[in-house]
Amino acid sequence: MKHETRNDWVMWMRAMLLIFGLALTGAGVGCTVDDSVVRAQANDAHKQIDRAVLTDPVLNDYVAQIGRRVVMAAREAVKAGYEQDNLFREDPQWMFEDVKFHLVASDTLNAFTTGGQHVYLYTELFATSATEDEFAAVVAHEFAHIFGRHVHNGMRRQYAILGSALAAGAAGYALGGDDREQVAMMLAGGTLVGGQFVGAGFSRKDEDQADKFGFRFYVIGGWDPDRFGDFFRQMVAKGYDTSDPMASHPQLSQRVKNAERRAAEWKNERPDWQRHRQPNIVGPQRFAELRDRARKLTRSMPKDKSLEAAQLMLAAFPSCVAPTAQPSQTKARKRVAELLQDIPQ
Ligand SMILES: [Zn+2]
């Protein structure tokens, strides 16, 4: 009990320092979060994750080609007048120039972005994709989170929670389980830089929006409109869906329906929609070879502490493709929480 009080006190102090720091960067409670803040935070987190990035030129070249097609499609869409509410709040040019798509060695079925110039595509997700279309749909969805500035929204929500923690007089006392965890995660500091992302997934609204923007980039990028929902369809078949309509993430079956509706609308409204179609970058056989290659390379990566730390962070990140956490994710989040408790005080 005494120990817990001391930890709470330390947390309180950290919160004060953090709020003070945020005020200095102009990103305090209630304000919009600047791109520079999100990008700097994403770059910090990347230092910890970099060790899990596959260094294979063949795979990296392939993933980069998919990413490039998605980003160019987004740029083309914006030129043609497609945008979101706050796209030009700040110059979005960096989104179309600097984003890196990393294939990362991880047994967790997920993809994630920290909102700056880094997108993480997990090897388990790549190995699970039946076709290039499925994989490209996920890549487009992740880029759409950057395009929609969704990490900015998540940070704003976190600041609001931190603000209420401060207003409550002592960090965490007035907060419930999830919020309390979020505050703890956010105060991860330098030891586990990426920890601040762990407690804060994208909202349901942002996930829906990422599917909406992602679909647009995917079809303008040349892939088959009718295949956009395939990855979610596959996940439903494998039992990943939730029946809880109030779950924090959209139901997979609903995401499939939305994809079907968007594909039908896209084709109905554009008699010339075929002009966007391009052949896939690789055929089914080559895609299967690349998947095997990624699987083998993931297994043969030399294990060490820094790889372990990188993979722990990747496993702990919120789900972007599944509505509920997988056991590996829950376990990793617990471990991150334990590590935060152990930070020297
Ligand atoms: Zn997502």
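Going by the structure above, here's the rest.
Remember, it's a predicted structure, so these values are computed and weren't measured experimentally. (Residues numbered from 1 in each chain as written. Predicted model: local features only at pLDDT ≥ 70, side-chain atom pairs only at ≥ 80, totals over all residues.)

> An account of the environment of A136 is needed here, citing residue identities and associated values.
Relative to the elements of secondary structure, A136 occurs in helix α5 (residues 132–147). For A136, a count of 27 C-beta atoms within 10 Å gives the class buried. For A136 and G214, which are 78 residues apart along the polypeptide, the C-alpha to C-alpha distance reads 9.5 Å. Each residue touching A136, except ones within four places of it in the same chain, is listed here: I66, Y218, G221 and W223. (Helix = DSSP H or I, 4+ residues; strand = E, 2+ residues; numbered from the N terminus. Buried ≥ 20, exposed ≤ 12 C-beta atoms within 10 Å, placed from the backbone. Contact = placed C-beta atoms within 7 Å.)

> Help me get a handle on helix α12 (residues 284–300), residues and values and all.
An ideal rise of 1.5 Å per residue puts 24 Å on 17 residues; α12 measures up with 25 Å between its terminal C-alpha atoms. When α12 is considered as a whole, its buried residues turn out to be F287, L290, A294 and T298. Buried residues in α12, looked at end-on, bunch into an arc of 70°, giving them a common side. Opposite the buried face of α12, at more than 90 degrees from it, the exposed residues are Q285, E289, D292, K296, R299 and S300. The elements touched by buried residues of α12 are α3 (57–79), β1 (100–104), α4 (123–128) and α5. (Expected span 1.5 Å × (residues − 1). Arc of directions from axis to C-beta.)

> Please give an account of the pairing of β1 that cites residues and values.
The buried fraction of β1 amounts to 4 of the 5 residues, a majority that puts the element mostly inside the structure. Of the pairings in the sheet, the one linking β1 to strand β3 (residues 118–122) comprises 5 bridges and is parallel in character. Among the inter-strand pairings, V104 is bridged to a residue of β3, identified as Y122. (Pairing = 2+ DSSP bridges.)

> Outline the pairing of β3, supporting the account with residue identities and numerical values.
Within β3, 5 of the 5 residues are buried, which leaves it mostly tucked inside the rest of the structure. Of the two faces of β3, the one carrying H118, Y120 and Y122 and the one carrying V119 and L121 are both buried. Bridge count for strand β2 (residues 111–113) against β3 is 3 bridges, and the pairing is antiparallel. Within β3, the position partnered with F112 by the bridge is Y120. Count of turn residues in the β2/β3 antiparallel hairpin: 4 residues, of which G115 carries a positive phi of about 90°.

> Tell me about unusual backbone geometry, and please be specific about residues and values.
Generally, phi is negative for residues other than glycine and the peptide bonds are trans, each holding for most cases. Unlike most non-glycine residues, R149 shows phi in positive territory, near 55°. Summarising the element assignment, R149 is placed in the loop between α5 and α6 (150–167). Classification of R149 by C-beta neighbours within 10 Å gives buried; the count is 24.

> I'd like to hear about the sheet that holds β2, residue by residue, with values.
Strands pair in a sheet through their backbones, by hydrogen bonds, and they do so in one of two ways: parallel or antiparallel. Read from one edge of the open sheet, 3 strands run β1-β3-β2, paired in mixed fashion. Edge positions in the open sheet fall to β1 and β2, since each of these has one partner strand only. On average, each strand axis in the sheet is tilted by 20° relative to the strand beside it, whichever way the strands run. Contacts from α5 reach β1, β2 and β3, with the element oriented near 20° to β2. (Axes fitted to C-alpha atoms, helices over the stretch in contact; angles between N-to-C directions.)

> I'd like a description of the packing of α5 against helix α10 (residues 230–237), backed by residues and values.
How two helices pack is summed up by the angle between their axes together with the distance between the axes. The N-to-C vectors of α5 and α10 enclose an angle of 105°; their axes lie 8 Å apart at closest approach. Judged by the angle between their axes, α5 and α10 are roughly perpendicular. Across the interface between the two elements, D133, E134, A137 and V138 of α5 pack against D230, F231 and Q234 of α10. Split by residue class, the contact of α5 with α10 holds 3 nonpolar, 1 polar and 3 charged. (Parallel < 35°, antiparallel > 145°, perpendicular 65-115°, else oblique. Nonpolar A, V, L, I, M, F, W, Y, C, P; charged D, E, K, R; others polar.)

> Please provide a residue-by-residue account of the environment of S36, values included.
Mapped onto the elements of the fold, S36 is located in helix α2 (residues 35–49). You can call S36 partly exposed: it has 14 C-beta atoms within 10 Å. With 80 residues separating them along the chain, S36 and G116 place their C-alpha atoms 8.5 Å apart.

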